[in-house]
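Observations on the three-dimensional arrangement
Spelled out from the first residue to the last, the chains are:
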Amino acid sequence: MEKRRLGRTDLSIAPLVFGGNVFGWTADEKTSFALLDAFFDAGLNAIDTADVYSSWAPGNKGGESETIIGKWLKQSGRSRDQAVIVTKVGSELGPDRKGLSRRWIRQAVEDSLKRLQTDYIDLYLSHWPDPETPYEETLSAYGQLLSEGKVRAVGASNLNSLQLREALDVAANGGLPRYAVLQPEYNLYDRDSFDGPLRDLCISEEIGVISYFGLARGFLSGKYRSHKDLEGSARGSGVEKYLDGRGMRILGVLDEIAEETGATQAEIALAWVRNRKGITAPIASATNLDQLTSLIRSTQLTLSDEAIRQLNDVSE
């Protein structure tokens, strides 16, 4: 499997990252273990999670995804260096358990390491901007974690171009570690926040980019085409916004290319993201082995120039 270097870091990842938000939510422990085994058996190597996953599921409090990954790491028999583990800090887990302060980062990283049953995190991300904490404090805390070997690289999720530029400047001026990786939302429907100044900045600064919601919460799989299709779906509330004229036009083009190529709509949508300038790899999740097999196939799919043109045009 092809590996891509993640920005200027020492990390190299396959061109698809497994989204661990489903672990402990729509995939139980046994299913999660089977999915991870199959994912790594196929030659892929990166898992994305966060300390807050999957707190939104009834009965959960956060940390469930990391816990499952940690158990899998221990029982899988694979050496730790075969897996690139990405996790995040900053989302609210309680009144005093949120944000990017030095105090909370120090506590949160220890909690994540314990749940993951590992001595280090490959890539540690600021999950959301924290307007109450200066970049200097956050980056200084990360600097300590890097020097202690508890994390190998740091990055951020959900920053716009101005926020990322400011963070990079603070790092450069203060001799602090810089955000080496960005995790933005990006797919055929949601392009505005990354395309343009943010993508240009990532390219010019050699920042690795692993994008989330590559399938627009499952909409681009073609499974959801009406409000009726959302009934009983755990993802229903998040998909509803895509059921508009633009969403249907994008699905229409995906349908045409699927008919021509024999690939699924999801495989085509992920292949498009994977080949976008500035993207290192998209993140996508699966809750069964059939879905995972399709995700893996997407890494080998080559789209024609005409197919790419059609997808670019319909998603502009």
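Details of the structure are given in the entry above.
1. Focus on the overall build of the protein
A tally of helices and strands in the protein yields 11 helices and 10 strands. A compact globule built from 316 residues should have a C-alpha radius of gyration of about 20 Å, and the protein, at 19 Å, falls within 12% of that. Dimensions of the protein, computed from the C-alpha atoms along their principal axes, are close to 50 × 40 × 35 Å. Buried positions account for 57% of the 316 residues belonging to the protein. Sequence separation of at least 24 residues holds for 75% of the intrachain contacts in the protein that already meet a minimum separation of 6. Of the roughly 13,400 Å² of accessible surface on the protein, 47% is carried by carbon and sulfur atoms. Computing the positive centroid from 37 side-chain charges and the negative centroid from 45, the protein places the two 3 Å apart.

2. A few points about the pairing of strand S7 (residues 151–157)
With 6 of its 7 residues buried, S7 lies for the most part within the structure. One ladder, built from 3 bridges, connects S7 with strand S8 (residues 181–183); its direction is parallel. Bridge pairing links Ser157 to Gln183 in S8. Running through helix H5 (residues 161–174), the crossover from S7 to the neighbouring parallel element S8 is right-handed.

3. Quick look at the packing of aromatic side chains
A full pass over the atoms with the stated rule returns 13 aromatic pairs. A centroid spacing of 5.3 Å and a plane angle of 90° characterise the contact between Phe18 and Phe39, whose relative ring orientation is edge-to-face. Residue Phe18 is located in strand S3 (residues 17–19), and its partner Phe39 is located in helix H1 (residues 29–41); the two are separated by 21 residues in the primary sequence. Under the relative-accessibility criterion, Phe18 is labelled buried at 0%.

4. A word on the packing of helix H9 (residues 265–274) against helix H10 (residues 289–298)
One can describe the packing of H9 onto H10 by two numbers: an axis separation of 8 Å at closest approach and a directional angle of 40°. Considering the angle they form, H9 stands oblique to H10. The handedness of the crossing between H9 and H10 comes out as right-handed. Side by side, H9 and H10 meet where Glu267, Leu270, Ala271 and Arg274 of the first sit next to Ser294, Leu295, Arg297 and Ser298 of the second.

Criteria and thresholds
Residues numbered from 1 in each chain as written. Predicted model: local features only at pLDDT ≥ 70, side-chain atom pairs only at ≥ 80, totals over all residues. Heavy atoms only, no water. Helix = DSSP H or I, 4+ residues; strand = E, 2+ residues; numbered from the N terminus. Rg over C-alpha atoms; globule rule 2.2 N^0.38 Å. Buried < 20%, exposed > 50% of the residue type's maximum accessible area, 1.4 Å probe, protein only. Contact = heavy atoms within 4.5 Å. Areas by Shrake-Rupley, 256 points an atom, 1.4 Å probe, with all protein chains shown as cover. Lys, Arg positive; Asp, Glu negative; His and termini not counted. Charge placed at Lys NZ, Arg CZ, Asp CG, Glu CD. Pairing = 2+ DSSP bridges. Right-handed = clockwise from strand over helix to strand, strands pointing away. Phe/Tyr/Trp six-rings, centres within 6.5 Å; stacked < 30°, edge-to-face > 60°. Axes fitted to C-alpha atoms, helices over the stretch in contact; angles between N-to-C directions. Parallel < 35°, antiparallel > 145°, perpendicular 65-115°, else oblique. Left-handed = near helix turned anticlockwise from the far one by under 90°.

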